[in-house]
Amino acid sequence: MAGWAWPALVVHRCGGALAPENTLAGLEIAARLGCQAVEFDVMLSADGQPVLIHDETLDRTAGRPGHVAELGAAELAGVDVGSHFHPAYAGEAIPAFGAALERCRSLRLAANVEIKPAAGKERQTGQVVGRCLRAIDAGADGPQVLLSSFSVEALEAAIAEVPHLSRALLVGSYSPAALAMARKLSCVALNLSREGLTAADVDAVREAKLAVMVYTVNAFDEARRLLDWGVAGVFSDRPDLLLPLATECCIT
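Let us look at the structure shown here. All residue numbers refer to positions counted from 1 along the written sequence of the respective chain. With pLDDT at 70 or above as the cut-off, local features in this predicted model cover only qualifying residues; side-chain atom pairs require 80 or more to be listed or tallied, and sums for whole chains, interfaces and linings still use all residues. Only hydrogens and water are set aside; all other atoms, that is, all heavy atoms of the structure, feed into the side-chain values.

**Let's talk about the pairing of strand β6 (residues 145-149)**
Item 1. Exposed residues in this analysis have more than 50% of their type's maximum accessible area, buried residues have under 20%, and partly exposed residues fall in between, with area computed by a 1.4 Å probe over protein chains only. Helix numbers and strand numbers start at the N terminus; a helix is a DSSP run of H or I with at least 4 residues, a strand a run of E with at least 2. With five of its five residues buried, β6 lies for the most part within the structure.
Item 2. Residues Val-145, Leu-147 and Ser-149 of β6 are buried on one face, and the alternating residues Leu-146 and Ser-148, pointing to the opposite face, are buried as well.
Item 3. Where strand β5 (residues 110-115) and β6 come together, four bridges link them in parallel fashion. Pairing of Val-113 across the sheet is with Leu-147, part of β6.
Item 4. In this scheme, strands are said to pair when DSSP sees at least two bridges between them. In the sheet, β6 pairs with strand β7 (residues 166-170) via four bridges, with the strands oriented parallel. Residue pairing in the sheet places Leu-146 in a bridge with Ser-166 of β7.
Item 5. Here the term right-handed applies to a crossover when the path leading from its first strand over the helix to its second strand runs clockwise, the strands being oriented away from the viewer. Assessed by its sense of winding, the connection that carries the chain from β6 through helix α7 (residues 152-161) to β7 is right-handed.

**Overview of the layout of surface pockets**
Item 1. Size it by volume and the largest pocket reaches roughly 180 Å³.
Item 2. Each cavity reported here is a set of points on a 1 Å grid over the protein atoms alone in which a 1.4 Å probe fits but cannot get out, each pocket an open set with protein on both sides within 12 Å along at least five of seven lines, and each lining residue one with an atom within 4 Å of a point. Lining the largest pocket are 13 residues, with Pro-20, Glu-21, Arg-60, Thr-61 and Phe-85 positioned closest to its centre.
Item 3. Of all the secondary-structure elements, those providing two or more residues to the lining of the largest pocket are α2 (59-62) and α4 (82-85).
Item 4. When residues are grouped by polarity, Ala, Val, Leu, Ile, Met, Phe, Trp, Tyr, Cys and Pro land in nonpolar, Asp, Glu, Lys and Arg in charged, and all others, Gly among them, in polar. When its residues are assigned to classes, the lining of the largest pocket shows five nonpolar, four polar and four charged. Grid points are joined across faces, edges and corners, and a volume is the space filled by probe spheres set on the points.

**Topic: the side chain of Thr-61**
Item 1. Relative to the assigned elements, Thr-61 resides in helix α2.
Item 2. Excluding its chain neighbours within four sequence positions, the residues that come into contact with Thr-61 are Glu-21, Ile-53, Val-81 and His-84. Contact definition: two residues touch when any of their heavy atoms are within 4.5 Å.

**A word on the pairing of strand β8 (residues 189-193)**
Item 1. When you tally the buried positions in β8, you get five out of five residues, the bulk of the element.
Item 2. In β8, alternate side chains face the same way, and those of Ala-189, Asn-191 and Ser-193 on one face and Leu-190 and Leu-192 on the other are all buried.
Item 3. The pairing of β7 with β8 spans three bridges and is classified as parallel. Residue pairing for β8: Ala-168 is matched across the bridge by Ala-189.
Item 4. In this region the chain leaves β7, passes through helix α8 (residues 176-184) and returns to the parallel neighbour β8; the handedness of that crossover is right-handed.
Item 5. Here β8 runs beside strand β9 (residues 211-215); their pairing, made up of five bridges, is parallel. Paired with Asn-191 across the bridge in β9 is Met-213.
Item 6. Taking the sense of rotation as the criterion, the β-α-β connection linking β8, helix α9 (residues 199-207) and β9 turns out right-handed.

**Comments concerning the pattern of salt bridges**
Item 1. Put simply, a salt bridge is a Lys or Arg side-chain nitrogen that is within 4 Å of an Asp or Glu carboxyl oxygen. On inspection of all chains with the given rule, the structure shows 15 salt bridges.
Item 2. Residue Glu-161 is joined to Arg-134 by a salt bridge in which the shortest nitrogen-to-oxygen separation is 2.8 Å. Of this pair, Glu-161 sits in helix α7 while Arg-134 sits in helix α6 (residues 122-137), placing them 27 residues apart in sequence.
Item 3. The class of Arg-134 is partly exposed, set by a relative accessible area of 42%.
Item 4. What you see here is one network of salt bridges that share partners, running through Arg-13, Glu-21, Asp-41, Asp-55 and Arg-60.

**Looking at the packing of helix α1 (residues 24-33) against helix α5 (residues 97-107)**
Item 1. Two elements in contact, α1 and α5, have axes whose closest approach is 10 Å; the angle formed by their N-to-C orientations is 15°. One element, α1, and the other, α5, form an angle in the roughly parallel class. For the crossing formed where α1 meets α5, the hand is right-handed. Seen from α1, the contacting residues are Leu-24, Leu-27, Glu-28 and Ala-31; seen from α5, they are Ala-99, Ala-100, Arg-103, Cys-104 and Leu-107.
Item 2. Its residues assigned to classes, the contact of α1 with α5 comprises seven nonpolar, no polar and two charged. Only the contacting stretch of a helix is used when fitting its axis, a line to C-alpha atoms as for every element, and angles between N-to-C directions run 0 to 180 degrees. Should an angle fall under 35 degrees it is taken as roughly parallel, and over 145 as roughly antiparallel, whereas 65 to 115 is taken as roughly perpendicular and any remaining angle as oblique. Crossing handedness is defined as follows: a turn of the near helix away from the far one that is anticlockwise and smaller than a right angle gives a left-handed crossing, while the clockwise case is right-handed.

So this is what it looks like as structure tokens:
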């Protein structure tokens, strides 16, 4: 964990439950609350452009049919995901990856970029995300970034483009195999679900000199308990309930 310095509270999908997920409005909400770090998902459009969205379809977030991998970036940029969340957010659209990074920079938000490839697009998505980050890093003015993914193939492809960037492996639950893979990828963290997580799991990861980040934690008492176990940070949909953790930082 040498060199780890991330806030204990990371806002899940830009704004958690307080804004349309994976939107610029969510980033604004996170910053307004006083949070210092966010997480969001990046997938490719039909024309290979990286955009912020979690699902492969538009059904849940936009309330309309459509597959992300079959729609061009220009069309996706016109998809209103705000109205489906709440009328107050009408017109809030699916943002481009570059726009989200720029907003993170201006708001001084660290960004956990989760590579979320559509099926069959694992390597391509990782490559595109890595190249975008490499281009921004060349200007030395981008936000602090942590790369992560459930897809080893996508993460490997991104690492090949930006080998200096910190990364974390996402898995559903702790196992020695998951820890071994994280070490093979030279990850700084193993991101684990709160479901079934034990203090012994956290100890095992920390003994391997990796940080532990846990998703998705929405109760303050649980977050406090996890941090007492030695967890470095938690992802939350309710940053408003976990605000006392917003300025805590795990530095090792």
